[in-house]
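Descriptive analysis of the structure
In case you want the letters, here they are:
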Amino acid sequence: MKRDVICLERISFGYGNTAVLKEVSLRVKEGEHIAVVGDSGCGKSTLLKILAGLYEPEGGSMSVAGESLPEKIRTKVAVVMQRFDLFPLSIRDNITCGHGISEKRLWDACRSACLDGWIESLPEGLSTHVGERGGQVSGGQAQRICIARALCKDAEVILLDEPLSALDRGTEQSVMLALGRLTAGKTVIHVTHHPEALEEGYRICRMEGGRLSDG
């Protein structure tokens, strides 16, 4: 029997006097793919940040990959957001984040993220600077760099926050292929406004009024 990788029990969270999450409970088994859908501002992204260990819930209990402390949870998850979270450094530094990653593992991640051909065409290769806020690369390239970073981390849990929303149609296909490779065999929580675009096999959960329900 597969174990529960994510366990949320009556989680609550708010900003100031505004309650955003109201006694949210969720259990996700190893390898399961969950889509969280709902209107803008309903708490989907806040839930994802709690699962990522970026926010600490104000009430309830939780564990992610066996960890309950935010600083421990952050070591167990990889996050790909809708905004391209790049540093004003080289492609290599944006993927490795300063960790000692072998060249083989680095290039395996680049190939899986559909980046290898583009990087090999650059005069400076992996040493190419991405510019301030990734201004020297396209949106699709930036998102695939973020995916390669997540691939290198090889986390047990993958958290996705509308990773295709800022891309044009011409770059969506390569990013979708890279995301498929990132999420294969992993436990996935995918926040989206477009569940119809998801691959088969997702369990749909709806966030409404700060509460989460199936369907």
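Before reading further, recall that the structure is shown in the block above.
So, here's what we can say about the structure. (Residues numbered from 1 in each chain as written. Predicted model: local features only at pLDDT ≥ 70, side-chain atom pairs only at ≥ 80, totals over all residues. Heavy atoms only, no water.)

The final tally for this structure, using the stated rule, is 11 salt bridges. With a shortest N-O distance of 3.2 Å, Asp-4 and Lys-29 are connected by a salt bridge. You can see Asp-4 sitting in strand E1 (residues 4-15) and its partner Lys-29 sitting in strand E2 (residues 18-29), a full 25 residues away along the chain. Taking the shortest distance from any N to any O, the salt bridge between Arg-92 and Glu-103 comes out at 2.5 Å. Taken together, the positions of Arg-92 in helix H3 (residues 91-96) and Glu-103 in helix H4 (residues 103-112) put the pair 11 residues apart, joining distant regions of the chain. (Salt bridge = Lys/Arg side-chain N within 4 Å of Asp/Glu carboxyl O. Helix = DSSP H or I, 4+ residues; strand = E, 2+ residues; numbered from the N terminus.)

Pairing is mixed in the open sheet, where six strands are placed in the order E5-E6-E7-E3-E8-E9. Whereas interior strands pair on both sides, the edge strands pair on one side only; in this sheet they are strand E5 (77-80) and strand E9 (211-214). Mean inter-strand twist for the sheet, computed between neighbouring axes without regard to direction, equals 20 degrees. Alignment of strand E3 (residues 33-37) against strand E7 (residues 187-191), held across four bridges, turns out to be parallel. Each bridged residue has a counterpart across the sheet, and for His-33 the counterpart in E7 is Val-188. Along the sheet face, helix H1 (residues 44-51) touches E3, E5, strand E6 (157-161), E7, strand E8 (202-208) and E9 and points at about 155 degrees away from the line of E6. (Pairing = 2+ DSSP bridges. Axes fitted to C-alpha atoms, helices over the stretch in contact; angles between N-to-C directions. Contact = heavy atoms within 4.5 Å.)

For Ser-68, the position within the fold is in the loop between strand E4 (59-64) and helix H2 (70-73). Linking Ser-68 and Pro-57, residues 11 residues apart in sequence, is a C-alpha distance of 11 Å. Those residues within four positions of Ser-68 in sequence are excluded, and the remaining contacts are Met-62, Ser-63 and Ile-73.

We now examine the packing of H4 against helix H6 (residues 139-153). Contact pair H4 / H6: the axes reach a minimum separation of 8 Å and the direction vectors enclose 135 degrees. Comparing their axes, H6 and H4 come out oblique. Every pair of crossing elements has a handedness; the one defined by H4 and H6 is right-handed. Two secondary-structure elements touch here, H4 through Arg-105, Leu-106, Ala-109 and Ser-112 and H6 through Ala-148, Leu-151, Cys-152 and Lys-153. Grouping the amino acids of the contact of H4 with H6 by side-chain chemistry returns five nonpolar, one polar and two charged. (Parallel < 35°, antiparallel > 145°, perpendicular 65-115°, else oblique. Left-handed = near helix turned anticlockwise from the far one by under 90°. Nonpolar A, V, L, I, M, F, W, Y, C, P; charged D, E, K, R; others polar.)

So, on to the nonpolar core. One finds Ile-147 and Leu-182 to be the most contacted residues of the largest nonpolar core, which totals 37 residues. Secondary-structure elements contributing two or more residues to this core are E5, H3, H4, helix H5 (116-121), H6, E6 and helix H7 (169-183). Ranked by size, the runner-up nonpolar core spans 30 residues in total, among them Leu-8, Val-28, Val-77 and Cys-205. (Core = buried A, V, L, I, M, F, W, Y, C linked by side-chain atoms within 4.5 Å. Buried < 20%, exposed > 50% of the residue type's maximum accessible area, 1.4 Å probe, protein only.)

Another point: empty space enclosed by the protein. Summary: where empty space remains is shown by rolling a probe the size of a single water molecule over the atoms. Applying the stated rule across the entire model yields one cavity of 30 Å³ or more. Size it by volume and the largest cavity reaches roughly 30 Å³. As for the largest cavity, its lining consists of Leu-48, Lys-49, Ala-52, Leu-54, Val-79, Met-81 and Leu-159. (1 Å grid on protein atoms, 1.4 Å probe; cavity = no way out; pocket = protein on both sides within 12 Å on 5 of 7 lines; lining within 4 Å. Points joined across faces, edges and corners; volume = space filled by probe spheres on them.)

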